[in-house]
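If you want the building blocks of each chain, they are given just below.
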Amino acid sequence: MHFVRWELRLMLWCCELVSLAWCYTVHISGDEGVRTAVAGEERGARHLLTSQYDVHVHGRNCSHKRKRKSEWDMEVLSLFGGSGLKCHRAHSALFPVGGLLPGPPLRCKVPNSREFYFSQGGLFLSETRCWRQNRLLELDMLCDVLTGKGLIVKPISIHWRLGQGPFSQARLQKLLEKATQSDSGIVSRKRRSINSSPQFKPPMYQVSVAENKPAGTQVVVLKAVDMDEGEAGRLEYFIEALFDSRSNNLFAVDPVSGAVSTVEVLDRETKDTHVFRVTAVDHGTPRRTAMATLTVTISDTNDHNPVFEQQDYKESIRENLEIGYEVLTVRATDGDAPVNGNILYNVLNSNGSNEVFEIDSRSGVIRTKGLVDREEVEAYMLLVEANDQGHDPGPRSATATVYIVVEDDNDNAPQFSEKRYVVQVPEDMTPNTEILQVTATDQDRGSNAVVHFSIMSGNTRGQFYIDAQTGKMDLVSHLDYEANKEYTLRIRAQDGGRPPLSNISGLVTVQVLDVNDNAPIFVSTPFQATVLENVPLGYSIIHIQAVDADSGENSRLEYRLTETTPNFPFAINNSTGWIVVAAELDRESVDFYNFGVEARDHGYPVMSSSASISMTILDVNDNNPEFTQKAYYMRLNEDAAVGTSVVTVSAVDQDINSVVTYQISSGNTRNRFSITSQSGGGLITLALPLDYKLERQYILTVTASDGTLFDTAKVFVNVTDANTHRPVFQSSHYTVNINEDRPVGTTVVVISATDEDTGENARITYIMDDSIPQFDINPDTGAVTTQMELDYEDQVSYTLAITARDNGIPQKSDTTYLEILVNDVNDNSPRFLRDHYMGSVMEDVPVFTSVVQVSAIDRDSGLNGRVFYTFQGGEDGDGDFIIESTSGIVRTLRRLDRENVPVYSLQAFAVDKGVPALKTAVNIQVTILDVNDNPPVFERDEFDIMVEENSPIGLVVAHISATDPDEGSNAQIMYQIVEGNIPEVFQLDIFSGELISLIDLDYELQSEYVIVVQATSAPLVSRATVHIKLIDKNDNMPVLKNFQIIFNNYVTDTSSSFPTGVIGRIPAHDPDVSDQLNYSFEVGNELNLVLLNQSTGEIQLSQALDNNRPLEASMRISVSESNPSLFLRPQLLLFALFPAPVCPLRVIVPTESVSSYLGDTALLRCEVSGDPTPLIRWQKNREDLPLSFQPESRLAVLPSGSLQVSRVQPPDSATYRCLADNPGSTRTGTDAELRVLPEPYIVHFITQITAEVRSQHSELEL
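Residues numbered from 1 in each chain as written. Predicted model: local features only at pLDDT ≥ 70, side-chain atom pairs only at ≥ 80, totals over all residues. Heavy atoms only, no water.

Per an unreviewed UniProt entry, the protein goes by the name Cadherin EGF LAG seven-pass G-type receptor 2 and belongs to Goodea atripinnis. Its UniProt record gives the protein a comment under Subcellular location (unreviewed entry), which states: "Membrane". (UniProt positions renumbered as here; feature names shortened; annotations may be inferred.)

Here's what the structure looks like:
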């Protein structure tokens, strides 16, 4: 117990010791047993242990509040005895530590020093160490010890100081004072962390480095400041990427110097901003850290060429487009920043045929500026250049090739190679022989250039056929020059366009060449004639007539008589065929002649025919022959064969031996009939074929003559029709057009064929050879009508084979082909390839960036099927987007902002160019992707946070939060304190924004903290000011020292100086601003000599003291708060003196603390009273100071008597005395000590008041 009491005295002494400089607190844990060593000696070393007992010792200027737990469980001061130099060899034991710990150690280690280590229960040196006086070596030790009856393992942390020297009070005082200058010590300065944290200046780094710099390029040097010394002040730097782990591979920091440099070559286009959490860690115990942010922005160099969306663009356009038509849009992007990516477009080969196109230099839209004609140029190749206009190091460019193919429009009709084709065809040419090829060309291409031929007119008998594809013309039936010598055919050439174009100007003249294919034919054979024997010479007896169906020389005949005898009495005119009397006749000599006649043409080869002539010589008579019938009526089919007997007419001559001969004297058109005398009658026979179409009735006049006299009769021959002709279509190929929207039953065309026959032979029936369900033909009229709805998109044309058959026996027919072209009607709306479209785009993309492409098709053709795209009538995002009319590419038209509109719902239309136009809508959803373009936003610029003082350390006093309109990693916010946190009072969690207190908050020391917090979403920041206002708690006792009241009562017969009013108030105060003090006397004032206001503490003297009796009284005053547990009981000494008539001097220098840092101004006030008025002067270190105020001096006595010390400096630390003199040589003075401390500590005036009163009667020191 003696040992322990000694140590307690030592502790009390320590408190008294340190009160000379600062307030120190020694903590000794009270839960240890009696045997715990507070001070002891082990192997030549004596030890002072602290922080085991929990005894609180307070002295003047000492805080009464319980301090928070030390960083260590124990602190030990060990001193080796001896006055000379003392050394320990390497690996020697210094002393065992087990006796100093609360239990046997299981294991121990020295974490922060390589000079010491724990082994076999003792502390050992790693290397030889010599100890020096007045110098302490510090180390930390961590041990696991067994404590309690249950042998519980408890970790213990010990801070050890080792040194050499005597274990005396003076020595310990010196060491303790030195320890107070360390950040870690046995006794700790109030509110002083053992190891202060480093601080970054500035707390946020924002730097820029150009891309493509070589690896190892220095970016920035990080600098943190740590006020500690030694290992505790040695910093190590670390950086860690906050948002993108890739950044860790691109930058490195020198852990010692803090220099950040590149590890690899940087590429801005891969990542343009890198954000790191920077950490500075000291090597103190415990290790303290500071954090900052480093934002590295990669500046751009023009290292990227523009890149086209496609290297080769291919587009098809139709010819004859209007000028200004948008063909397509080329688009190039540049990975560089906008200053190096301002792309302009240009067509490099814009001359020549390419002049019909131009390009918008900004948007890349290629338009027509002239007419495009496929027949002139079928394809174009444009070389487009994109130039980025860069400056560092210079502009870059790229090219793309645009291939534009011109699609054909059917704008050219077929053209015949000749205006008129003339062909000569012999009439004997074999059928199915090609006679001619018609050619026509069309400058269009594809189906628009495919030419079909057909005969429009002139082929009445269907003797010619033209191949629709090749234009070859064939003879399909025999020609007969004698029937038709020339044919003129009109040919149509029609292309395959939609709609087709035709040319009907083609003419073909077929000239039939005569062939000598007909022998002369005598109109009657044999010829019989009679002649009177008395006719004169040259008398024409009979006209021998032959016909030749040929023409020209082939039909020119020459006659001669055959089978004649010499001196033959008859001759024939070889041109006309008349037989005349060439010699006198003599019936009596020869009454009958029988000879022949030959008719010969002039063709090649020569053709001839012969006939016999019977010539009877008649006598002259006087009776006329008479027909038995004056009229004969006969019917003869037109197909009757030549030589067919028609009728036999008969006449009777009354003359004896008269011979009647018969002759057709008139009505024998085209010499179709002949008559011969036969058996006394005249037999009429068919000499040439009949043709019902040419002549349907013949009225023949037949003359019966006896040589002189004659008689006539009429023969009516009615020609009946025969089915000799087949029906004939005017053309072998018909083409008609019909709109696809025509209703069922619409007449498409009426097909008509002609038949030269009559009656049933000419009645035609029309049929379709193939069953095509869409059409039907009326068998009687040939009207072709629709049976079903037509659809151009299903089938654009139909070809019907139509046959016309007559009703003759046998039936004859002709076939033609009807091509029905279906005209497109705008009956199909455009159809999009998808039901809806989705696209996405970054919000910071430049204007005209491609977002998505829509595509629609229209089954119609031509303008009806030509689709363009528009937002008109739909939704274009309030003008933020535009759609290219031809390509369907949706592009941005303005800058986008995801925070305003994150998703656009657009509606576009595909519209065709039909009349009326049809359109279809489609929905397009465009998602705007976020970029970090919005800084965090605090709810307010300034915050007020109320925190109760004495809140536990580590308390979350507030949650600082900001919002970021961005999303994802772009909205991740880091928080930090950038101003007002020196020294470090608060800590702000970088991610959660929790504001944590790091020290005890004491309202009486500082009632408000103002810090500036920063929210960072790299590289964007926002700041707010936070006012942390402490709420005062009743945690301080009232402060009052013992004080004295001394008064002199000077009494005369006429007057008294006894004070009757308030002479002052009890000098008590409470640091807690909210407390109300109550004052009362506990003992010593039973006579009520002093009157006390219990609320204000004001004091008055009782009238009972107004006498001449000296008095001294001791009273105890109680000062309490509203909380009765906190009160003081100082002593009051009351002196009543009987002074001389001279009023004493009074000099008061109030004790006060001035919040003035090094370099500020301090004011020492001095209050002097006396009668007469005394003179005031000041001394510094017993040397007089100038009396008058001198502004140029840093030490000046002001007119009020106070001493002003300007720009406080360390030499100003001194003792100042305020002196007062009066004419009676009375002097009094008061000393004040000024101590100047370095920033940021407060300058304290620790004043020791000494009042001296010299008079005739007494002297008092307080």
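After that view of the structure, there is still more to cover.
To continue, consider the overall build of the protein. Per the secondary structure count, the protein includes three helices and 100 strands. Looking at the 1262 residues of the protein, the share that counts as buried comes to 46%. Nonlocal contacts in the protein, meaning residues at least 24 apart in sequence, comprise 68% of its contacts between residues at least 6 apart. Accessible surface, the protein: about 61,800 Å² in total, of which carbon and sulfur atoms supply 49%. (Helix = DSSP H or I, 4+ residues; strand = E, 2+ residues; numbered from the N terminus. Buried < 20%, exposed > 50% of the residue type's maximum accessible area, 1.4 Å probe, protein only. Contact = heavy atoms within 4.5 Å. Areas by Shrake-Rupley, 256 points an atom, 1.4 Å probe, with all protein chains shown as cover.)

Another aspect to go through is the sheet that holds strand E44 (residues 570-572). As summarised here, the arrangement of the three strands in space is E41-E45-E44, forming an open sheet in which the pairing is antiparallel. A single partner strand is all that each edge strand has here, and the edge strands are strand E41 (540-543) and E44. When the angles between neighbouring strand axes are averaged without regard to direction, this sheet yields 25°. For E44 and strand E45 (residues 578-581), the ladder comprises three bridges, and the chain directions are antiparallel. The residue bridging Ile572 from the neighbouring strand is Ile579, located in E45. (Pairing = 2+ DSSP bridges. Axes fitted to C-alpha atoms, helices over the stretch in contact; angles between N-to-C directions.)

For the rest of this paragraph, the subject is the confidence of the model for the protein. Atom-level detail of predicted coordinates should not be read off regions where pLDDT is low. Of the residues in the protein, 84% have a pLDDT of 70 or more, and the chain-wide mean is 80. Long-range and interchain partners of residues 1238-1262, a stretch whose pLDDT sits below 50, account for 64 contacts in this model, where long-range means more than four residues apart. (pLDDT = per-residue confidence, 0-100.)

Taking strand neighbours across the sheet as the criterion, the four strands line up as E13-E20-E19-E16 in an open arrangement whose pairing is mixed. Edge strands, defined here as strands with exactly one partner in the open sheet, are strand E13 (204-210) and strand E16 (235-241). Taking the axes of each pair of neighbouring strands and ignoring which way they run, one obtains an average angle of 25° across the sheet. Strand direction decides the pairing type here: E16 and strand E19 (residues 273-282), joined by seven bridges, are antiparallel. Bridging across to E19, Ala241 finds its partner in Phe276.

Okay, the state of the cysteines next. Evaluated as defined, the whole model comprises two disulfides. Put simply, Cys87 and Cys130 are joined by a disulfide, and their sulfur atoms are 1.9 Å apart. Here the disulfide of Cys87 and Cys130 is right-handed, its torsion about the S-S bond being about 105°. Here the residue Cys87 occupies a position in strand E4 (residues 86-88), and Cys130 occupies one in strand E9 (residues 129-131), the gap between them amounting to 43 residues. (Disulfide = S-S within 2.5 Å.)

Here we come to the pattern of salt bridges. What the rule picks out here adds up to 35 salt bridges. Between Glu378 and Arg374 there is a salt bridge whose closest N-O contact spans 3.1 Å. With a closest N to O distance of 3.4 Å, Glu979 and Arg1023 form a salt bridge. A residue pair is termed long-range when its members are at least 10 positions apart, and Glu979 in strand E78 (residues 974-979) and Arg1023 in strand E82 (residues 1020-1031) qualify at 44 residues. Looking at Arg1023, the relative accessible area reads 43%, which means it is partly exposed. The network of salt bridges with shared partners includes Arg374, Glu375, Glu378, Asp408 and Arg445. (Salt bridge = Lys/Arg side-chain N within 4 Å of Asp/Glu carboxyl O.)

Right, let's talk about the environment of Met204 for a bit. If you trace the backbone, Met204 turns up in strand E13. Look at Met204 and you get buried, because its relative accessible area is 14%. Not counting the four nearest positions on each side in its chain, Met204 is found in contact with Thr293, Gln976, Gln1014, Thr1016 and Val1021.

For the rest of this paragraph, the subject is the environment of Ile996. Relative to the elements of secondary structure, Ile996 occurs in strand E80 (residues 994-997). Put simply, Ile996 and Leu955 are 41 residues apart on the chain and 5.4 Å apart in space, counted from C-alpha to C-alpha. When residues no more than four places from it in sequence are discounted, the contact partners of Ile996 are Gly954, Leu955, Val956, Val985, Phe986 and Gln987.

This part covers the packing of aromatic side chains. One pass over the full model with this rule turns up 28 aromatic pairs. With 5.4 Å between their ring centres and 85° between their planes, Phe986 and Tyr1009 make a pair best called edge-to-face. One end of the pair, Phe986, is in strand E79 (residues 986-988); the other, Tyr1009, is in strand E81 (residues 1008-1017), and 23 residues separate them in sequence. Neither Phe986 nor Tyr1009 differs from the other in exposure class; each is buried. Aromatic rings pair up to connect Phe80, Phe95, Trp131 and Trp160 into one cluster. In this structure, Lys485 is placed above the aromatic ring of Tyr481, and the distance from its NZ or CZ to the ring centre is 4.9 Å. (Phe/Tyr/Trp six-rings, centres within 6.5 Å; stacked < 30°, edge-to-face > 60°. Lys NZ or Arg CZ within 6 Å of the ring centre and 35° of its normal.)

To continue, consider the nonpolar core. By size, the foremost hydrophobic cluster in this structure holds 29 residues, and its most contacted members are Phe522, Val531, Ile544, Phe570, Ile579, Phe595 and Met615. Mapped by element, the contributors of at least two residues to this core are strand E40 (527-532), E41, strand E43 (557-562), E44, E45, strand E46 (592-601) and strand E47 (608-618). The element best represented in this core is E47, accounting for five residues. Each residue touching Phe570, except ones within four places of it in the same chain, is listed here: Val531, Ile541, Leu561, Ile579, Val580, Val581, Ala582, Leu585, Tyr593, Phe595, Met615 and Ile617. Listed in part, the 26 residues of the second largest apolar core include Val372, Tyr380, Val384 and Ala400. (Core = buried A, V, L, I, M, F, W, Y, C linked by side-chain atoms within 4.5 Å.)

Mapped onto the elements of the fold, Arg587 is located in the loop between E45 and E46. Linking Arg587 and Asn534, residues 53 residues apart in sequence, is a C-alpha distance of 9.0 Å. Those residues within four positions of Arg587 in sequence are excluded, and the remaining contacts are Glu533, Ile617, Leu618 and Asp619.

A surface patch of like charges, here negative, comprises Asp941, Glu942, Asp944 and Glu1008. Checked against the element boundaries, Glu1008 lands in strand E81. Under the relative-accessibility criterion, Glu1008 is labelled partly exposed at 31%. (Patch = residues over 30% accessible without salt bridge, like charges linked within 9 Å, V, L, I, M, F, W, Y side chains within 5 Å. Lys, Arg positive; Asp, Glu negative; His and termini not counted. Charge placed at Lys NZ, Arg CZ, Asp CG, Glu CD.)

Next up on the list: the side chain of His283. On the secondary structure map, His283 appears in the loop between E19 and strand E20 (289-299). Here Arg234 takes part through its backbone oxygen, which lies 2.9 Å from a polar atom of the side chain of His283. Looking at His283, its side chain comes within polar contact range of the side chain of Arg287, at 3.3 Å. With residues up to four places along the chain from it excluded, the contact list for His283 reads Glu231, Ala232, Arg234, Leu235 and Glu236. (Polar contact = N/O pair within 3.5 Å; in protein donor to acceptor, adjacent residues only side chain to side chain.)

This part is about unusual backbone geometry. Note the cis peptide between Tyr604 and Pro605, where omega equals -5°. Among the secondary structure elements, Pro605 is positioned in the loop between E46 and E47. The residue after Val915, namely Pro916, is reached through a cis peptide bond having omega -5°. Mapped onto the secondary structure, Pro916 falls in the loop between strand E72 (903-912) and strand E73 (919-929). Even without being glycine, Asp878 reaches a positive phi, approximately 55°. Among the structural elements, Asp878 can be located in the loop between strand E69 (867-875) and strand E70 (881-883). In this structure Asp878 comes out as exposed when scored by relative accessible area, which is 64%. Although it is not a glycine, Asn950 sits at a positive phi angle of roughly 65°. Mapping Asn950 onto the fold places it in the loop between strand E75 (942-948) and strand E76 (956-959).

Position of Asp601 relative to the elements: it lies in strand E46. This buried residue, Asp601, is left without a salt bridge; Arg600 holds the nearest opposite charge, at 6.6 Å. A polar contact is formed between the side chain of Asp601 and the side chain of Asn516, at a distance of 3.4 Å. Of note is the side chain of Asp601, whose polar atom sits 3.3 Å from the backbone nitrogen of Gly603.

Further remarks concern the pairing of strand E36 (residues 472-475). Side chains on a regular strand alternate between the two faces of the sheet. A one-sided burial pattern is seen for E36, the buried positions being Met473 and Leu475 and the unburied ones Lys472 and Asp474. Sheet topology places strand E32 (residues 433-437) next to E36; four bridges connect them, and they run antiparallel. Note that in E36 the partner of Leu436 across the bridge is Met473. Across three bridges, the pairing between strand E35 (residues 464-466) and E36 is antiparallel. Bridged to Phe464 within E36 is Leu475. From the end of E35 to the start of E36, which pair antiparallel, there are five residues, and Gly471 there has a positive phi angle of about 80°.

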